[in-house]
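# Notes for the structure review
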Amino acid sequence: MGDLVLTTYDWVPPPPRGFVRDIRVRWALEEAKLPYRVQSVSFKERGPEHLAHQPFGQVPWLTDGDISIFESGAILLHLGERSEALMPRDPKGRAEVLEWLFAALNSVEMASLPWSLLKFSGQSEKRFDDFLKLRLDRLEPVVAKREWLAGSFSVADILMADVLRLVERFEGLAAHPATRDYLKRATARPAFVKAHADQLAHFAAADT
């Protein structure tokens, strides 16, 4: 293990600020109190060096010594292995974190992302509305009964909360009060507040 370097874009236009996925990694690093630095890559020109780290030309990626890892879910798992603040060491606790982390990606975000993209463009389609509602209907009784998905706060909550943030941006949690309360608990954490402010400041600094 070596120095932790988080790479994100040097700039993005205002609408996605606060939602670029490096915030998931920033949040995890702040929760675990792991020292790191942020490095920028061009938003407009995605050349060979960028693609060598992230073959789809996206962000973020994390460098940990001689390890370079992309995809926010994979990065969160990597950091979870480094810190018990992000993932417990016992097999049962670890399994719970893993299942909910993948649920956030494969069950909830699969429904929320196309729904959100339509909302961004001012459109709506019933099939996407219904798909998202079904997923949220299933999540609602779970978060109504527990503070955090896997017992204690973990990378699963970071990922699930960030997925839900985009839904809430378009008032998509209005009919799911327990899920909305869960999101409020997560985003009230000091580590998220700092990560969010740091991301906004990072992109704003490139405006001038």
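Use the structure listed above.
Residues numbered from 1 in each chain as written. Predicted model: local features only at pLDDT ≥ 70, side-chain atom pairs only at ≥ 80, totals over all residues. Heavy atoms only, no water.

### Some thoughts on the overall build of the protein
What the protein contains, in helices and strands, is eight helices and four strands. When its helices and strands are written in sequence order, the protein yields β-α-β-α-β-β-α-α-α-α-α-α. Dimensions of the protein, computed from the C-alpha atoms along their principal axes, are close to 45 × 45 × 30 Å. In the protein, which comprises 208 residues, the share counted as buried stands at 47%. Taking the intrachain contacts of the protein between residues at least 6 apart in sequence as the baseline, contacts between residues at least 24 apart amount to 69%. Surface accessibility of the protein: about 10,200 Å² in total, with carbon and sulfur atoms responsible for 56%. Treating the 27 positive side-chain charges of the protein as one cloud and the 29 negative ones as another, the clouds have centres 4 Å apart. (Helix = DSSP H or I, 4+ residues; strand = E, 2+ residues; numbered from the N terminus. Buried < 20%, exposed > 50% of the residue type's maximum accessible area, 1.4 Å probe, protein only. Contact = heavy atoms within 4.5 Å. Areas by Shrake-Rupley, 256 points an atom, 1.4 Å probe, with all protein chains shown as cover. Lys, Arg positive; Asp, Glu negative; His and termini not counted. Charge placed at Lys NZ, Arg CZ, Asp CG, Glu CD.)

### Section: the sheet that holds strand β3 (residues 61-64)
The strand order across the open sheet formed by four strands is β2-β1-β3-β4, and the pairing between neighbours is mixed. Two strands bound the open sheet, and with one partner strand each, they are β2 (36-41) and β4 (67-70). Taking the axes of each pair of neighbouring strands and ignoring which way they run, one obtains an average angle of 25° across the sheet. Note that β3 and β4 share four bridges and pair antiparallel. Bridge pairing in β4 places leucine 62 opposite isoleucine 69. The strands that helix α1 (residues 22-32) touches are β1 (4-9), β2 and β3; relative to β1, the one it contacts most, it runs at about 155°. (Pairing = 2+ DSSP bridges. Axes fitted to C-alpha atoms, helices over the stretch in contact; angles between N-to-C directions.)

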